[in-house]
Amino acid sequence: MEETEESNTSKKRNSKPRTAKGCANNNNPRSNNNNQYIAFGFHNNNQNQYQTYPALLPLPPPAIPLQLPFPQNHNFRSRTHLQKPPLKYNHSLLATPSDSKLQEISASKVLQRQNDVSKQKDGRRVKAATTPESLVVARRPDSGGVEGPVISLLANHFLVQFDPSQRIFHYDVEISPHPSKDIARLIKKKLVEDHSVVLSGALPVYDGGRTIYSPIEFQNNKIEFYISLPIPSNKSFLQSGEMVKLQKEGQQIKLFRVNIKLISKFDGKELNSYLNKEGDDGGRPLPQEYLHALDVVLRESPTEKCITAGRSFYSSCMGGEKDIGGGAVALRGFFQSLRPTQQGLVLNVDFSVTAFHESIGVISYLEKRLDFLRDISRRKTRGLTNEEKNEVEKALKNIRVFVCHRETVQRYRIYSLTEEVTENLCFQDRDGKILRIVNYFKDHYNYDILYRNLPCLQISRSKPCYLPMELCMICEGQKFLGKLSDDQTARILKMGCQRPRERKAIIEGVVTGPVGPTSGNHARDFKLQISREMTQLYGRILQPPKLKLGDHGQVRDLIPSRHDRQWNLLDSHVFEGTRVERWALMSFGGTSDQKSHIPKFINQLCQRCEQLGIFLNKNTVLNPQFESLHLLNNVKNLETKLKKLHRASLNNLQLVICVMERKHKGYADLKRIAETSIGVVTQCCLYPNLGKISSQFLANLALKINAKVGGCTVALYNSLPSQIPRLFKHDGPVIFMGADVTHPHPLDDFSPSIAAVVGSVNWPAANKYVSRMRSQTHRQEIIQDLSTMLGEILDDFYEELLKLPERIIFFRDGVSETQFLKVLKEELQSIRVACSRFPGYKPPITFVVVQKRHHTRLFPCELDPPANKNTFFNENILPGTVVDTVITHPSEFDFYLCSHWGVKGTSRPIHYHVLWDENQFTSDELQKLVYNLCYTFVRCTKPISLVPPAYYAHLAAYRGRLYLERSDSSTRTRSCNISRAAPPKTTPLPKLTENIKKLMFYC
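An unreviewed UniProt entry annotates the protein as Protein argonaute 7 of Datura stramonium. Quoted verbatim from the Sequence similarities (unreviewed entry) heading of the UniProt record, the comment on the protein is "Belongs to the argonaute family. Ago subfamily."

Take a look at the structure:
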């Protein structure tokens, strides 16, 4: 009748069927151990045959030293970091570009060096630089940048110290029968309480799976225990707002066999040597086994007291849960992660908010989640249409539930809904007798099923196992993986939107609080010390570049001088305005009063465009076309209407402005038809914005229109060759490329991932980008068709400039640290394959990973006297703030740059990590380049947070997702029965028209 989830409980997700635990007593005495402590760096481990560890950072393989035509940066011994370094750098001690002895290499010499790679002693040729064993991530080229005034900052990194002589004992633990993670932790707790002598009095830590770490060796290498555990049961369910008891109170006693076996023992001496760079050859990996053990130690106490979701912990102790509607609640919590930095190992702690499924009855959940079932409790005889059933199945898929009609600790995962409604549903019992579901529950549990016209929950992937919805409760602690509504998202963002002072206080409270990483005794037992204070460090503020704008046919320069580095176009034109002679306007829905605003809107938009140096013809090719909003639901009719507009302009329509009553899913079809079938760019806006038209709204529309039809907003007054003359030349064009991969929704097991690549095609302005998009295997992070896409962009570059780029600067978005080497190995090779299409063409490549989703935050230091005069401590760090010491990687080339002004919440700097650098940038050169490019984004008049090539790639990938969104919707419901292990064949994206390919239609 029912099938337990068994081992699947711990395989799929980290969410837990338990309540948000309240505050626990903080019993964490500070260690008085007199051993010598050493700060250290961190790397995760994957050497245990029983447990696959989620590596926190990439592990460089032992590498053969490279012999490259463009050598990687040499290793260096980083300068000693003092907690309070001098405020001013001694410029005379640092190499300048002129005396750095970095040699420029001509193309002919490059080719010669590539052909003359030395041979091994046995006469065989050294493998190419892109073979797996030869890749080593780029090393920092210097001791960090020196440009810009120095400022004092705090970072949410907390130094961790350890005793290198402390041994750790790794034990494998096997529990039978296999329990859920919650029960496994109860077993471990009882094991420690009842068998302290056998465990040598140790207080071991447990990862929830097969691994136990102990600071003391147990009495025997192999131990077997039998643990009897009282299991609490669920005795009630919610019906019409009342709790109904179905069984007598009581507890089940269950016996578990626990086998423990010693796997290995290790100390921290190797880690100490690594951090001191003793014998460092640039390719030595971090000792991951020790570091993974330390990670488990620091997560032990929060795991016991909080709901765990990934690397974050959530607790009602941090403010309680908040109903955000739609069957979801939001919980506050914190993120923690061990990271290696220049100062040693640190614990990165950050404030976090996320959504969980509300733990209520399934019927009540559906009432809140789906509008069409809002009154289901009052209409118990109501059935579902096929479309409604698909929506219900989509909402419930993969949610774990427990039953209320009998005592059990079992949890069940919802796989699908039954084809038949409960009234007609039958099953075969063990004797082969056919029983109706409604009769079974009446006979066995004396319960009359009320919602007989609803389907049952199918809780087995392979065989019929049915549960009536009304007898199921949603387990607590399950992260909400569905797509949040706009209202839910707004409420989540509001909860997580703290100004810097408030966020800093929350983080410091977590570290010293009753559920944080220092709340237990485990760190003390393993001789770890965690600082309670944030890391104090020094950053620099890069100066904004001088910008080039238009001024009635003349060029005007401007330096953004406001604190937020914004500028306005009140007295200026865009740098390059376009002419839109042939355009049309379509209206979708809207009231009569709203439609009456259209003529005024057209007139005001044309005037605002003229003020900005953009020509928008005041006469459309046809009178405004007023259509019903329902037209967006009819793809065929929508395409017919758009083609009619196109023919009216003699098939030379440049732009269609679409005004919509509200946001509509037909937006995706509109974009796909316009850009892949007809060949025209569109600009959409909403009627509510036309009621009181602001100058800013019109300016935003005008800038987007100008960019989409071939113009640009701003350019750098001092060109890149004049800013970085050592690397860039006016007659030696450089291409800036961005790449990103977007994946389908977490609950979508069907749709392909979308990869996008963009590349600049003008030089030296480098502010116009063409794009290519491809669909690829479901959730595949490596860009599979990169060489083809990049080759096409190189063709476009050559067509524009009649030259190939002499250097390639490649910004890759969306890569986690665990994937660094894999992405570098495969995508660097793809870039070289694309270049090999052109005989003898081997430009130097710089490959930079851009990371947005990290948890490092920077705060103004309140103890800095100069800052007191000009800075409000509740404000964010200034645009241009860069940090490349103390909290960055011990030896690799990375930096944090906050290029934007944070209007709400706390600014998150972007983390740039250079994986490969044949162009041999210095820290100052690359940081200045990235920051200056952030001022050239076409959609706004302020620096953006992310370097534009990466931002454009993200926008292009999102556009590719739109192309498949509607066509997939008809088949997405079938994905419920498709295994993640065997995704269907990838659906290709429709091809862009030739004229659209050359435009920034995606911005």
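*Asks:* What should I look at first to understand the overall build of the protein in this one?
*Replies:* Along the backbone of the protein there are 22 helices and 43 strands. Out of the 1003 residues belonging to the protein, those deemed buried represent 56%. Restricting the contact set of the protein to residue pairs at least 6 apart, pairs at least 24 apart contribute 76%. Counting only carbon and sulfur atoms, one obtains 48% of the accessible surface of the protein, whose full area is about 42,800 Å².

*Asks:* What's the story with the nonpolar core in this structure? I'm lost.
*Replies:* Here is a general trend for soluble globular proteins: nonpolar side chains tend to be buried in one another's company. Membership of the largest hydrophobic core comes to 92 residues, with the highest contact counts inside it found for Phe 601, Phe 728, Phe 736 and Tyr 1002. Within the second largest apolar cluster, 72 residues are counted, among which are Tyr 213, Ile 360, Ile 399 and Leu 454.

*Asks:* Even after reading the chapter, I still don't get the pattern of salt bridges, so can you show me in this structure?
*Replies:* When the charged atoms of two side chains lie near each other, side chains of opposite charge can form a pair. This structure, assessed with the given rule, holds 47 salt bridges. For Arg 772, the salt bridge identified is with Glu 792, shortest N-O distance 2.7 Å. With Arg 772 in strand S37 (residues 769-776) and Glu 792 in helix H17 (residues 786-801), the pair connects residues that are 20 residues apart, well separated along the chain. Classification of Glu 792 by relative accessible area gives partly exposed; the value is 23%.

*Asks:* It is not clear to me how the environment of Leu 286 should be interpreted in this structure. Could you clarify?
*Replies:* Inspection of the secondary structure assignment puts Leu 286 in the loop between helix H3 (269-275) and helix H4 (288-305). For the pair Leu 286 and Leu 275, spaced eleven residues apart in sequence, the C-alpha separation works out to 8.8 Å.

*Asks:* Please clarify how the packing of aromatic side chains should be interpreted in this entry.
*Replies:* One pair of aromatic rings is described through two measures. These are the centre distance and the angle between the planes. Counted under the stated rule, the structure contains 24 aromatic pairs. With a centroid separation of 5.1 Å and 35° between ring planes, the pair formed by Phe 810 and Phe 847 is classed as tilted. Linking Phe 810 in strand S38 (residues 807-813) with Phe 847 in strand S39 (residues 845-851), this pair joins segments that are 37 residues apart in sequence. A residue is classified by how much of its surface remains accessible, and Phe 810, at 0% relative accessible area, is buried. With relative accessibility at 0%, the residue Phe 847 sits in the buried group. Joined through ring pairs, the aromatic side chains of Tyr 769, Phe 937, Tyr 951, Tyr 952, Phe 1001 and Tyr 1002 make up one cluster. Here Arg 579 stacks its cationic end above the ring of Phe 615, 4.0 Å away from the centre of that ring.

*Asks:* Hey, could you run me through the pairing of strand S26 (residues 547-551) in this one?
*Replies:* Moving residue by residue along a regular strand, the side chains alternate between the two faces of the sheet. Both S26 and strand S27 (residues 554-558) contribute to a ladder of five bridges, which runs antiparallel. Bridging across to S27, Asp 551 finds its partner in Gln 554. The hairpin formed by S26 and S27 contains two residues between the paired strands, and His 552 there has a positive phi angle of roughly 50°. Here two bridges tie S26 to strand S34 (residues 715-716), and the two strands are oriented antiparallel to one another. Of the residues in S34, the one forming a bridge with Lys 548 is Ala 715.

*Asks:* Sorry, what's going on with the sheet that holds S34 here?
*Replies:* The strands making up a sheet associate through hydrogen bonds between their backbones, and the pairing can be parallel or antiparallel. Strand order in the open sheet made by the three strands is S27-S26-S34, with antiparallel pairing throughout. In this open sheet, the two edge strands, each paired with only one partner strand, are S27 and S34.

*Asks:* Teacher, can you tell me more about helix H2 (residues 181-194) here?
*Replies:* Structurally, the α-helix is built with 3.6 residues per turn, so residues lying three or four positions apart point the same way. With 14 residues, H2 should cover 20 Å at 1.5 Å per step; its first-to-last C-alpha distance of 20 Å lies within 8% of that length. Those residues of H2 lying buried are Asp 182, Ile 183, Ala 184, Arg 185, Ile 187, Lys 188, Leu 191 and Val 192.

*Asks:* Just checking my understanding: could you explain the packing of H17 against helix H18 (residues 820-835) for this structure?
*Replies:* For any two helices packed against each other, the geometry is given by the interaxial angle and the distance between the axes. For the pair H17 and H18, the least separation of the axes is 8 Å and the interaxial angle reads 45°. One finds that H17 runs oblique with respect to H18. Of the two elements, H17 crosses H18, and the hand of that crossing is right-handed. Residues Leu 786, Ser 787, Leu 790, Gly 791 and Leu 794 of H17 form the contact with H18, whose participating residues are Glu 827, Ser 830, Ile 831, Val 833, Ala 834 and Cys 835. A breakdown of the residues in the contact of H17 with H18 according to their chemical character gives seven nonpolar, three polar and one charged.

*Asks:* Can you walk me through the packing of helix H12 (residues 598-611) against helix H15 (residues 695-708) in this structure?
*Replies:* Two elements in contact, H12 and H15, have axes whose closest approach is 9 Å; the angle formed by their N-to-C orientations is 70°. Between H12 and H15, the interaxial angle falls into the category roughly perpendicular. Taken as a pair, H12 and H15 cross one another with a handedness that is right-handed. Across the interface between the two elements, Phe 601, Gln 604, Leu 605, Arg 608 and Cys 609 of H12 pack against Ser 695, Phe 697, Leu 698, Ala 699, Leu 701, Ala 702 and Ile 705 of H15. Residues of the contact of H12 with H15, tallied by class, amount to nine nonpolar, two polar and one charged.

*Asks:* I tried to follow the environment of His 664 on my own but got confused; where do I start?
*Replies:* Inspection of the secondary structure assignment puts His 664 in the loop between strand S32 (655-660) and helix H14 (667-678). Among the residues examined, His 664 registers a relative accessible area of 12% and is labelled buried. With 34 residues separating them along the chain, His 664 and His 630 place their C-alpha atoms 9.6 Å apart. Those residues in contact with His 664, other than ones at most four positions away along the chain, are Leu 629, Leu 632 and Asn 633.

*Asks:* So what exactly am I meant to see when it comes to the side chain of His 778 here?
*Replies:* Its location among the elements puts His 778 in the loop between S37 and H17. In terms of polar contacts, His 778 uses its side chain to reach the side chain of Arg 779, at 3.3 Å.

*Asks:* Would you mind showing me how to read unusual backbone geometry here?
*Replies:* When glycine is set aside, most residues are seen to have a negative phi, and most peptide bonds are trans. The linkage connecting Ser 176 with the following residue, Pro 177, adopts the cis geometry, with an omega of -5°. Tracing the backbone shows Pro 177 in the loop between strand S4 (168-176) and H2. Located in the positive-phi region is Asn 651, a residue other than glycine, with phi close to 60°. Within the fold, Asn 651 resides in the loop between helix H13 (635-648) and S32. Its relative accessible area of 52% is what places Asn 651 among the exposed residues.

*Asks:* Is there a simple way to think about the pairing of S32 in this case?
*Replies:* Counting buried residues in S32 gives six out of six residues, a clear majority hidden from the surface. Covered by surrounding structure in S32 are Leu 655, Ile 657 and Val 659 together with Val 656, Cys 658 and Met 660, the residues of both alternating faces. Here strand S29 (residues 583-588) pairs with S32 via six bridges, running parallel. Pairing of Trp 583 across the sheet is with Leu 655, part of S32. In this structure, S32 lies alongside strand S33 (residues 681-686), joined through six bridges in parallel fashion. When the sheet's bridge partners are listed, Met 660 is paired in S33 with Leu 686. With H14 bridging S32 and the parallel S33, this β-α-β connection has right-handed handedness.

About the cut-offs
- Residues numbered from 1 in each chain as written.
- Predicted model: local features only at pLDDT ≥ 70, side-chain atom pairs only at ≥ 80, totals over all residues.
- Heavy atoms only, no water.
- UniProt positions renumbered as here; feature names shortened; annotations may be inferred.
- Helix = DSSP H or I, 4+ residues; strand = E, 2+ residues; numbered from the N terminus.
- Buried < 20%, exposed > 50% of the residue type's maximum accessible area, 1.4 Å probe, protein only.
- Contact = heavy atoms within 4.5 Å.
- Areas by Shrake-Rupley, 256 points an atom, 1.4 Å probe, with all protein chains shown as cover.
- Core = buried A, V, L, I, M, F, W, Y, C linked by side-chain atoms within 4.5 Å.
- Salt bridge = Lys/Arg side-chain N within 4 Å of Asp/Glu carboxyl O.
- Phe/Tyr/Trp six-rings, centres within 6.5 Å; stacked < 30°, edge-to-face > 60°.
- Lys NZ or Arg CZ within 6 Å of the ring centre and 35° of its normal.
- Pairing = 2+ DSSP bridges.
- Expected span 1.5 Å × (residues − 1).
- Axes fitted to C-alpha atoms, helices over the stretch in contact; angles between N-to-C directions.
- Parallel < 35°, antiparallel > 145°, perpendicular 65-115°, else oblique.
- Left-handed = near helix turned anticlockwise from the far one by under 90°.
- Nonpolar A, V, L, I, M, F, W, Y, C, P; charged D, E, K, R; others polar.
- Polar contact = N/O pair within 3.5 Å; in protein donor to acceptor, adjacent residues only side chain to side chain.
- Right-handed = clockwise from strand over helix to strand, strands pointing away.

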